[in-house]
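Examining the three-dimensional arrangement
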Amino acid sequence: MTAPMHHSDDRLLELLADRATEGLDPAQTAELERLLRQTAAYSGDELDRAAAALASVYCSAPGAPGAPSESMPDGVRAALEAQAKTWRTGEGAARAAGARTAATPVFGEPSRDPNVAGRIGAGAGLAWMAAAACLMLALLGWWPRIATTPPELPLDRIAALPDAVRIAWAPGPDETGAEVEGEVVWSNSAQSGYMTFRGLRPLDPSQNQYQLWIFDGSRELHPVDGGVFDIDPRTGEARVRIDAKLPVGQPTLFAITVEPPGGVVVSDQTRIAAVASPS
Amino acid sequence: MPTGSSGTHQYPHRAKRIVTESLLQRIARGDADAVKDCIDRYADLVWSIALRLTPSRAEAEDAVQDVFIDLWRSAERFDPSVASEPTFIVMIARRRLIDRLRRRSRRIQPSELGDIDPQNSDETPDRAAISEDAAIAAKALDELSKDQQTVLRLSIHHGCSHSQIAEITGMPLGTVKTNIRRGLIRVREILESSRSTTEAAS
C-alpha cells in the first residue's frame, strides 16, 4: 500500500501536480528528481495516475469532443499498425529474445525518460530502414501515388528542368544554422533535387546528422523524409542530392533538422537549422 | 471507457466484452500480437486524449504515433497492483503529450476550445461507461470543492495552462495551483484507498 501523502512535502507535491497537469521545465525536472531521491514515500507517479483517472472520467462525458466515441481516423490507425509491425520485428523481437533495449536504437523522438530513450544509431540501420519501408508501404497504401520515381538525374541537369525551383536557405531557430547560405533546387516533375550549403555548422556524425524534411501540402500527416547528410568540416560546404522517401506532391517548405545519427522517421522538430520556403 | 468486474471491461458502443488484463505485460514479454492488440483496444482512447492536449488534429495525428511507441517501451513498467491498464495508458499518453506541448511552447488557446463555461457541470461522465479507476475518480470528484472541480476540469479536460485557468476563472494563479494540487491529492488518496480495500477483500 502506498504511504499517505503528507502536506509537509509541499514542494515535492507542487512539482508532482505541475508535472501531472502542465509539465516541468528541465530545472524543475532536476529538482523533482532530487527530491524524489530523498524520500521513499513517493514513486513519483502518484498524481500522474490521479490525473490520468480524471482524464478518463472527462473523456467519457457524453458528447464531449474527443470522447472515445470519436474513433481514430483510419489513416492514423494504418500508420500505427505499420509502426507496430516494425516494432514487432525490431525492438519488440529483441525484447522477446530477452535483449534489454535501453541502448537499442529505434525510431521516434527523444524522451526525457531514460527508460525510453532509445534512439537510432549506426547499429540500427537495418531496423530504421525497415521502419521507413513499412511506413512508406503503409502510407502509399492510402495516399494516391503522385508520380513514379524517375531515373536519377545528374544534379546539374535538375536545375535546367522547366519546373525546377531554386529557393535560398534561411536560418532556423537552431544556432547550427545561424550563418547558413545556399539553396535548394527541386523539380516536381522529376521528383529530384539537390541542396547546397555554406555556413551550416559541421556536426560530429557520431552524435548528430542533418536531416531534410519536405512539407507537402498534399499530405496530412508527417513531412517527407528527404534523407540525412553531413557537412564537410574541412570546407564547411556540402552539395547533397535530395533522397525523398515518398513522392512529393506540393512542396510547401523544406526544413533541415538536427537529428541523431541515421535520422529519425518522425522528427520532433525541436532543432530546426534551416528552412527554405517557396513563396 | 470500460466498465465491469476486475480484469474485464465492456465498451457499450461496441457491445463486446474485452479482457484488459495483462496486455501490457504481454508486450513487455515480447508477445508480437499484443502490440497490435494494444492499438485495437486503446487507439480510440489515446486519440481522444490526444485531441484534448494538442492544438490541432494534425498535431494529434503525429502525437499518437509517439504515444504508442512510448507505451510499448514502457509496458514493462506497468504494475496492475498500482493502477489499471487504462489508467497507465492514459498516464503515459498524457506525459508524452504534455511534453510535446511544452517543447513546442504552444498551449491550446481557450479560443480553440469553443466557449468554456468554468462552472459547467454538464460534462459529467456517463458512469456506466468508464473504467474502474475512472469510476472511482468520478466519485472522488464529488468530494472535491467546486473550485477544485473547476480547475481540474479546465486543466485536464480542456488542456488549459494554470495561467489560462487563472484568467478564465479570475482566481489568483497560486490559488489555481493549490486547488489543482489538493484536488489531485484527494483523488489519489481515494483511488489508493479503494484499491487497498479491493485487495484486502480478494
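What you see is a predicted model; the values in this text were computed from it and never measured.

Each value, and the rule that gives it
- Residues numbered from 1 in each chain as written.
- Chains lettered and ligands numbered in written order.
- Predicted model: local features only at pLDDT ≥ 70, side-chain atom pairs only at ≥ 80, totals over all residues.
- Heavy atoms only, no water.
- Helix = DSSP H or I, 4+ residues; strand = E, 2+ residues; numbered from the N terminus.
- Buried < 20%, exposed > 50% of the residue type's maximum accessible area, 1.4 Å probe, protein only.
- Contact = heavy atoms within 4.5 Å.
- Areas by Shrake-Rupley, 256 points an atom, 1.4 Å probe, with all protein chains shown as cover.
- Pairing = 2+ DSSP bridges.
- Axes fitted to C-alpha atoms, helices over the stretch in contact; angles between N-to-C directions.
- Phe/Tyr/Trp six-rings, centres within 6.5 Å; stacked < 30°, edge-to-face > 60°.
- Lys NZ or Arg CZ within 6 Å of the ring centre and 35° of its normal.
- Salt bridge = Lys/Arg side-chain N within 4 Å of Asp/Glu carboxyl O.
- pLDDT = per-residue confidence, 0-100.

**Topic: the overall build of chain B**
The secondary structure content of chain B amounts to eight helices and two strands. Overall, chain B shows an N-to-C arrangement of helices and strands of β-β-α-α-α-α-α-α-α-α. Classification of the 202 residues of chain B by burial places 58% in the buried group. Considering only contacts within chain B whose residues lie at least 6 apart along the sequence, 62% involve residues at least 24 apart. With the model as given, the accessible surface of chain B reaches about 7,800 Å², and the carbon-plus-sulfur share is 46%.

**Some details on unusual backbone geometry**
Residues and elements named next belong to chain A. Of note in this structure, glutamine 191 is not a glycine but carries a positive phi near 50 degrees. Relative to the helices and strands, glutamine 191 resides in the loop between β3 (181-187) and β4 (192-198). On the basis of relative accessibility, which here comes to 13%, the residue glutamine 191 falls in the buried class. Phi at glutamine 269 is positive, roughly 55 degrees, even though this residue is not glycine. In this structure, glutamine 269 sits in the loop between β8 (251-259) and β9 (272-276).

**Some points on the sheet that holds strand β7 (residues 237-241) of chain A**
Residues and elements named next belong to chain A. Sheet architecture is open: four strands sit in the order β1-β3-β4-β7, paired in antiparallel fashion. The open sheet terminates on both sides in strands that have one partner only, identified here as β1 (165-168) and β7. Across the sheet, the axes of successive neighbouring strands diverge by a mean angle of 10 degrees, strand direction being ignored. Looking at chain direction, β1 and β3 are connected through four bridges and run antiparallel. Across the sheet, the residue bridging to alanine 168 is glutamate 183, located in β3.

**So, the packing of aromatic side chains**
Residues and elements named next belong to chain A. Evaluation of the coordinates by the stated rule reveals six aromatic pairs over all chains. For the pair phenylalanine 197 and phenylalanine 229, a centre-to-centre distance of 5.0 Å together with 15 degrees between the ring planes defines the contact as stacked. One end of the pair, phenylalanine 197, is in strand β4; the other, phenylalanine 229, is in strand β6 (residues 224-229), and 32 residues separate them in sequence. Pair check on accessibility: phenylalanine 197 and phenylalanine 229 agree, each one buried. Over the ring of tyrosine 194 we find arginine 239, and its NZ or CZ is 4.8 Å from the ring centre.

**Topic: the sheet that holds strand β2 (residues 170-171) of chain A**
Strand order in the open sheet made by the five strands is β2-β9-β8-β5-β6 (chain A), with antiparallel pairing throughout. Both edges of this open sheet fall to β2 and β6 of chain A, since each of them pairs with a single strand only.

**Some remarks on the pattern of salt bridges**
Under the counting rule described, the total for this entry stands at 24 salt bridges over all chains. The shortest N-O distance in the salt bridge between Arg271(A) and Asp174(A) comes to 2.8 Å. Of this pair, Arg271(A) sits in the loop between β8 and β9 while Asp174(A) sits in the loop between β2 and β3, placing them 97 residues apart in sequence. The exposure class assigned to Arg271(A) is partly exposed, which follows from its relative accessible area of 29%. A salt bridge links Arg186(B) to Glu143(B); the shortest N-O distance between them is 2.8 Å. Linking Arg186(B) in helix α8 (residues 173-201) with Glu143(B) in helix α5 (residues 132-143), this pair joins segments that are 43 residues apart in sequence. Bridged by salt links that share partners, the residues Arg19(A), Asp45(A), Asp48(A) and Arg95(B) form one connected network.

**Some words on the confidence of the model for chain A**
All names here are of chain A. Across chain A, pLDDT averages 73, with 67% of residues at or above 70. Across chain A, the element-wise mean pLDDT spans from 39 in helix α6 (residues 125-142) up to 94 in helix α1 (residues 10-21). A low-confidence stretch, residues 62-67 (pLDDT under 50), is modelled with 12 contacts involving residues beyond four sequence positions or located in other chains. Across residues 99-151, confidence stays below pLDDT 50; counting only partners more than four residues off in sequence or on other chains, it has 107 contacts.

**Observations concerning the confidence of the model for chain B**
Residues and elements named next belong to chain B. Mean pLDDT over chain B: 78, with 73% of residues reaching 70 or higher. Residue range residues 1-20 is modelled with pLDDT below 50. Its contacts to residues more than four positions away, or to other chains, number 62 contacts. Note that pLDDT drops below 50 for residues 122-129; the model gives that stretch 25 contacts with residues more than four away or on any other chain.

**Quick word on the pairing of β6(A)**
All names here are of chain A. With five of its six residues buried, β6 lies for the most part within the structure. Of the pairings in the sheet, the one linking strand β5 (residues 209-216) to β6 comprises five bridges and is antiparallel in character. Pairing of leucine 212 across the sheet is with glycine 227, part of β6.

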